[in-house]
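# Survey of secondary and tertiary structure
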Amino acid sequence: MTVEFCGLTLAHPIINGSGTFDAIAAQRVFGAQLHERFPFAAYVSKTITLAPRAGNPPPRLWETPAGLINSIGLPNKGLERYLAEDLPLLAELPVPLITNVMGATAEELAILLDACDAHAEIAAIELNVSCPNVDTGLDIGADPVQLEQVVRSVRPRTAKPLIVKLTPNTADVSACALAAERGGADALSLINTLRATALAPRPRRSPVSGDRAPRDAAVAWLGGGTGGLSGPAIRAVALAQVAAVTARVTIPVIGMGGVQNVAHAQDLLDLGATLVAVGTESFRDPAAATRIAEGLHEMATRGG
Ligand code: RRO
């Protein structure tokens, strides 16, 4: 069941989606037990930025039919405290560590990449490009030209595997995938969440008279205004985008989006993904990744 991924040998193909499993909190609760049965074959950190960020005001989460909208807003302690406080704990995990970073400028990204490169505990770097360009306001990862420039500019700063986490909120995901590959990415991961929103509860048509109650204007409910949709609701989109990308690039792909069970993971592997990430399902079932990895193992054993 071992999988070769960018020079790393992983015990199985299931990892976590960035920001969907807090390994430090889990270590506090489960102690040695977590290490004995760690659910993922590699651990991806939450996105780290150069400066600390408080994140968005509440509400930050909203359930939809078959989905979850998050408007977390990148809360994190910033690079310095991540390295000093979190890295020593994450380095104890029994699997390779992938640190996920985001920067709004080339300078910020250079500092983040240099720091990751200097720490042997970090096995690979994932670049989250779902970040607005400070000048244009457009997501860097949504525009192939900008994306290629950004990846090309950071590539020389590390010899570690560089994974680019693509945004699905773009006109042509395979054009972005090819741009990241041309820029020097070693691997791609997709999909991040789909831009989504939820409206604040407000008066509805009266069930008795049928008259419309006086209505307030539609107001976005989430603290950040908009958020990102994940979970089963986006799996069909993930399948389409992963298929489009694996058909065009030669570098390995980490597929994710609404994976709940072994059949869903197998679908992404069949489409050419090398690894599969589990995200929202881990909130519902923290052992989901173990269940899926064991299911894949069983299938492989039976098949062989
Ligand atoms: O922190 C977030 O709100 C967030 C990030 Br950085 C991301 O990449 N995807 C997402 O759904 N939420």
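The following paragraphs examine the structure supplied in this document. (Residues numbered from 1 in each chain as written. Predicted model: local features only at pLDDT ≥ 70, side-chain atom pairs only at ≥ 80, totals over all residues. Heavy atoms only, no water.)

With that out of the way, let us pick up the sheet that holds strand S8 (residues 122-128). In a beta sheet, neighbouring strands pair by backbone hydrogen bonds and run either parallel or antiparallel. One open sheet accounts for eight strands, arranged S3-S14-S13-S10-S9-S8-S7-S4; its pairing is parallel. Both edges of this open sheet fall to strand S3 (14-16) and strand S4 (43-44), since each of them pairs with a single strand only. The strands touched by helix H8 (residues 262-270) are S3, strand S13 (253-256) and strand S14 (275-278); relative to S14, the strand with the most contacts, the crossing angle is about 145°. (Pairing = 2+ DSSP bridges. Helix = DSSP H or I, 4+ residues; strand = E, 2+ residues; numbered from the N terminus. Contact = heavy atoms within 4.5 Å. Axes fitted to C-alpha atoms, helices over the stretch in contact; angles between N-to-C directions.)

Our focus in this paragraph is the pattern of salt bridges. Going through the model one piece at a time under the given rule, you end up with 14 salt bridges. In this structure, the salt-bridge partner of Glu148 is Arg182, at a minimum N-O distance of 2.9 Å. A residue pair is termed long-range when its members are at least 10 positions apart, and Glu148 in helix H5 (residues 144-154) and Arg182 in helix H6 (residues 173-183) qualify at 34 residues. Classification of Arg182 as partly exposed rests on a relative accessible area of 49%. (Salt bridge = Lys/Arg side-chain N within 4 Å of Asp/Glu carboxyl O. Buried < 20%, exposed > 50% of the residue type's maximum accessible area, 1.4 Å probe, protein only.)

Ranked by size, the top nonpolar core spans 70 residues in total, and within it Ile14, Tyr43, Leu127, Val164, Leu166, Leu188 and Val245 carry the most contacts. With 17 residues, the next largest nonpolar core counts Phe5, Ile98, Ala123 and Ala277 among its residues. (Core = buried A, V, L, I, M, F, W, Y, C linked by side-chain atoms within 4.5 Å.)

Below, the discussion takes up the site of the ligand. Surrounding the ligand, one finds Lys46, Thr47, Asn70, Ile72, Gly73, Leu74, Asn128, Asn192 and Thr193. Lys46 places a side-chain nitrogen or oxygen 3.3 Å from an oxygen atom of the ligand. Side-chain polar atom of Asn128 to an oxygen atom of the ligand: 2.8 Å apart, as the coordinates give it. Protein burial of the ligand: of its 310 Å² of free accessible surface, 81% is covered by the chains. For the shell around the ligand, the residue count by class is two nonpolar, six polar and one charged. (Near = heavy atom within 4 Å. Polar contact = N/O pair within 3.5 Å; in protein donor to acceptor, adjacent residues only side chain to side chain. Areas by Shrake-Rupley, 256 points an atom, 1.4 Å probe, with all protein chains shown as cover. Nonpolar A, V, L, I, M, F, W, Y, C, P; charged D, E, K, R; others polar.)

Turning to the sheet that holds strand S6 (residues 67-70), a few remarks are in order. Ordered in space as S5-S6-S12-S11, the four strands form an open sheet in which the pairing is antiparallel. With one partner strand each, in any of the chains shown, strand S5 (61-64) and strand S11 (194-196) form the two edges of the open sheet. Along the sheet, successive strands turn relative to each other by an average axial angle of 35°, direction set aside. Two strands pair when backbone bridges link them, and S5 and S6 are joined in this way by four bridges, in the antiparallel orientation. Across the sheet, residue Leu61 finds its bridge partner in S6, namely Asn70.

Of all the positions in H8, only His264, Ala265, Leu268 and Leu269 are classed as buried. In an axial view of H8, the angular spread of the buried residues amounts to 140°, which keeps them on one side of the axis. If you follow the buried residues of H8, they end up packed against S3, helix H7 (235-246), S13, S14 and helix H10 (288-303). Two or three places before Ala263, at the opening of H8, Asn261 has a side-chain oxygen 3.1 Å from that residue's backbone nitrogen. Immediately downstream of H8, the backbone of Gly272 shows phi near 110°, a positive value. (Arc of directions from axis to C-beta.)

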